[in-house]
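One letter stands for each residue in the lines below.
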Amino acid sequence: MVERRKPIWVKEAIEQVMGYKIRGEKELISIDDCDGRYLAEPLVADHDVPPFDRSPYDGFALRAEDTVQASRDNPLNIRVIDEIGAGQVSNKNVGHMEAVRIMTGAQIPIGADCVIMLELVQEEKSDDGTFIKIKRSLTPGENISFRGEDTIKGSPLINQGVLINPGIKALLATFGYSKVTVGKRPVIGVIATGSELLQPEDELVPGKIRNSNGFMIESQIIRAGGLYKRYGSFADDLEALQNAIETAMAECDVVITTGGVSVGDYDFLPEIYKRIGANLLFNKIAMRPGSVTSCGEKDGKLLFGLSGNPSACYIGFELFVRPIIRYWLRSERPFLRCLQGTLNIDFPKPNPFSRFVRSQLIYKDGKIYAEPVGLDKSGVVTSLAWADCLIVLPGGTRGFQQADQVDILLLDDQQGSEKPWQEAKLSKL
Ligand SMILES: Nc1nc2c(c(=O)[nH]1)N[C@H]1C(S)=C(S)[C@@H](COP(=O)(O)OP(=O)(O)OC[C@H]3O[C@@H](n4cnc5c(N)ncnc54)[C@H](O)[C@@H]3O)O[C@H]1N2
Ligand code: MOO
Ligand SMILES: [Mg+2]
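Rules behind the numbers
- Residues numbered from 1 in each chain as written.
- Chains lettered and ligands numbered in written order.
- Predicted model: local features only at pLDDT ≥ 70, side-chain atom pairs only at ≥ 80, totals over all residues.
- Heavy atoms only, no water.
- Donors = N, O, S within 2.8 Å, 3.2 Å for Na, K, Ca; no water.
- Helix = DSSP H or I, 4+ residues; strand = E, 2+ residues; numbered from the N terminus.
- Near = heavy atom within 4 Å.
- Polar contact = N/O pair within 3.5 Å; in protein donor to acceptor, adjacent residues only side chain to side chain.
- Nonpolar A, V, L, I, M, F, W, Y, C, P; charged D, E, K, R; others polar.
- Pairing = 2+ DSSP bridges.
- Axes fitted to C-alpha atoms, helices over the stretch in contact; angles between N-to-C directions.
- Contact = heavy atoms within 4.5 Å.
- Salt bridge = Lys/Arg side-chain N within 4 Å of Asp/Glu carboxyl O.
- Buried < 20%, exposed > 50% of the residue type's maximum accessible area, 1.4 Å probe, protein only.

Chemist: Quick rundown of the coordination of the magnesium ion (ligand 3)? Include the residues and the values.
Modeler: Within the first shell, the magnesium ion (ligand 3) binds the protein through Asp-267 (OD) and Asp-267 (OD), at distances of 2.4 Å. Residue placement: Asp-267 occurs in the loop between β15 (254-258) and α5 (269-275).

Here is the structure:
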């Protein structure tokens, strides 16, 4: 008699997994290597930016009070007493009816309180020196980028656990972080199971397919911010598989297998959980696809048994493994971000369980829509390539119509969410 498994809610499965979440260690790395990494300490401005009052234009720095009488009919002559480019500092004090020729980015000289652009003055050189003719008045502070106008010393800028993007990298350089403290990446072991599996370079032969899940999971690990360790694919051989899993559990922070978790004759994962003495957190979840997604814990480490069906495998990773990786990387927002939007087409399939539909986001007339992509079957692989979100359709519903409001989980988003999306429990388990 085949065992009957008791399903649990997705929300509960996430809670069970997060019961074993771990914050990873920190490491100090070169700024050159920080792309794609997560800040392990908050970034605080340790000085004002800009650090001095500076000119935003190529022009002349002068005193506004000297220009009060200037007009088209009454141009005033102002003596140019110095010239500075960015990086230079004038040692002259700008006095009455004096100006310093200044380039964009240069520090405003003492005495000056405004800048006029080069295009707005006429420059005249004579034996008596260089003068500019000013035909308009200026106000104090005009055309000055003030010290601290971007950010002031002590301002919190970026939280820990945030992905270092090009803008954050610019801040690291601005504040002198030639080395940066980031979260050490968890090493996730990846094991594909199945006697039908070939390598990408292998020719197809009858009955066999290429291992796509292994590569997909590795890519999902990278997207989540972790490191993968590839153990390759294994035939459905209990002893060999158990060996590989035990080795991976010893060498990695988390281990993922794909395939072999259901009730088939060659689905050996359930037996392996028993044999290695893992504490089985769940082996059935009220969701589609991915209902067979399993997870065990051994000595504080998680062993995820993702489905062999590509779409189920993909979704199992995003819902359960991703938050573990993001939490490890010190994120305060490890879960998928959820938006509410409008279903763009009918989806008539009834849902006994919560359904996660591979979909694409669409922005139309200022509103958010989502539309399923490809065939909605667990064994389908192609739709994954087009999906940038998952529409969540609650279980216990009889299908959905165009214009219904739905929850949408974002797949490529880096911001994340503090909490998992709110699962609607409309059906009975
Ligand atoms: N009698 C039942 N049969 C099945 C049930 C059930 O409840 N009772 N559940 C079905 C559901 S739902 C799913 S999902 C699958 C899960 O199967 P497994 O996780 O045991 O995976 P496999 O049997 O090894 O493979 C399933 C499918 O996926 C293909 N596969 C496997 N690994 C890969 C890979 N690395 N890359 C690409 N494709 C892979 C494999 O060839 C099979 O076609 O069980 C249902 N059956
Ligand atoms: O777990 Mo299966 O993917 O529900 O189809
Ligand atoms: Mg199976």
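Chemist: So what about the site of ligand 2? Which residues, and what values?
Modeler: As a matter of local geometry, ligand 2 sits amid Arg-288, Pro-289, Gly-290, Ser-291, Val-292, Ala-312 and Ser-378. Arg-288 places a polar side-chain atom, nitrogen or oxygen, 3.0 Å from an oxygen atom of ligand 2. Within the backbone of Gly-290, one N or O atom sits 2.7 Å away from an oxygen atom of ligand 2. The residue makeup of the shell around ligand 2, split by class, is three nonpolar, three polar and one charged.

Chemist: Pulling in residues and values, what's your account of the sheet that holds strand β7 (residues 121-126)?
Modeler: Across the sheet, six strands lie side by side as β6-β3-β5-β4-β8-β7; this open sheet has mixed pairing. Each edge of the open sheet is held by one strand with a lone partner, namely β6 (114-117) and β7. Across the sheet, the mean angle separating the axes of adjacent strands is 35° when strand polarity is ignored. Of the pairings in the sheet, the one linking strand β4 (residues 76-84) to strand β8 (residues 129-134) comprises four bridges and is antiparallel in character. Looking at β8, one finds that Leu-76 is bridged to Ile-134.

Chemist: I'd like to hear about the sheet that holds strand β11 (residues 187-193), residue by residue, with values.
Modeler: Here we have six strands laid out as an open sheet, ordered β14-β11-β15-β19-β18-β16, and mixed in their pairing. For this open sheet the edge positions go to β14 (227-234) and β16 (279-282), each flanked by a neighbour on one side alone. Taken over all neighbouring pairs, the strand axes of this sheet differ in orientation by 20° on average, direction set aside. Across the sheet, helix α3 (residues 213-224) touches β11, β14, β15 and β19 (301-306), and the angle it forms with β14 is around 170°. Along the sheet, helix α6 (residues 310-328) contacts β11, β15 and β19; its crossing angle with β19, the most-contacted strand, is approximately 165°.

Chemist: How would you summarise the pattern of salt bridges if you had to cite specific residues and measurements?
Modeler: Going through the model one piece at a time under the given rule, you end up with 25 salt bridges. Note that Lys-298 is salt-bridged to Asp-299, the shortest N-O span being 3.8 Å. When its relative accessible area of 28% is taken as the criterion, Lys-298 is described as partly exposed. Asp-299 gets classed as exposed once you look at its relative accessible area, which sits at 69%. Here Asp-376 ties to Arg-358 by a salt bridge, and the two come within 3.4 Å at their closest N and O atoms. Here Asp-376, found in the loop between β22 (367-372) and α7 (382-386), pairs with Arg-358, found in strand β21 (residues 354-364); they are 18 residues apart in sequence, far enough to count as distant. Of the residues examined, Asp-376 reaches a relative accessible area of 14% and is grouped as buried. By relative accessible area, which is 1% here, Arg-358 ends up buried. Each of Arg-223, Glu-318, Arg-322 and Asp-412 takes part in salt bridges that share partners, so that together they form one network.

It is worth stressing that arrangement in space is one thing and function is another; only the former is reported here.
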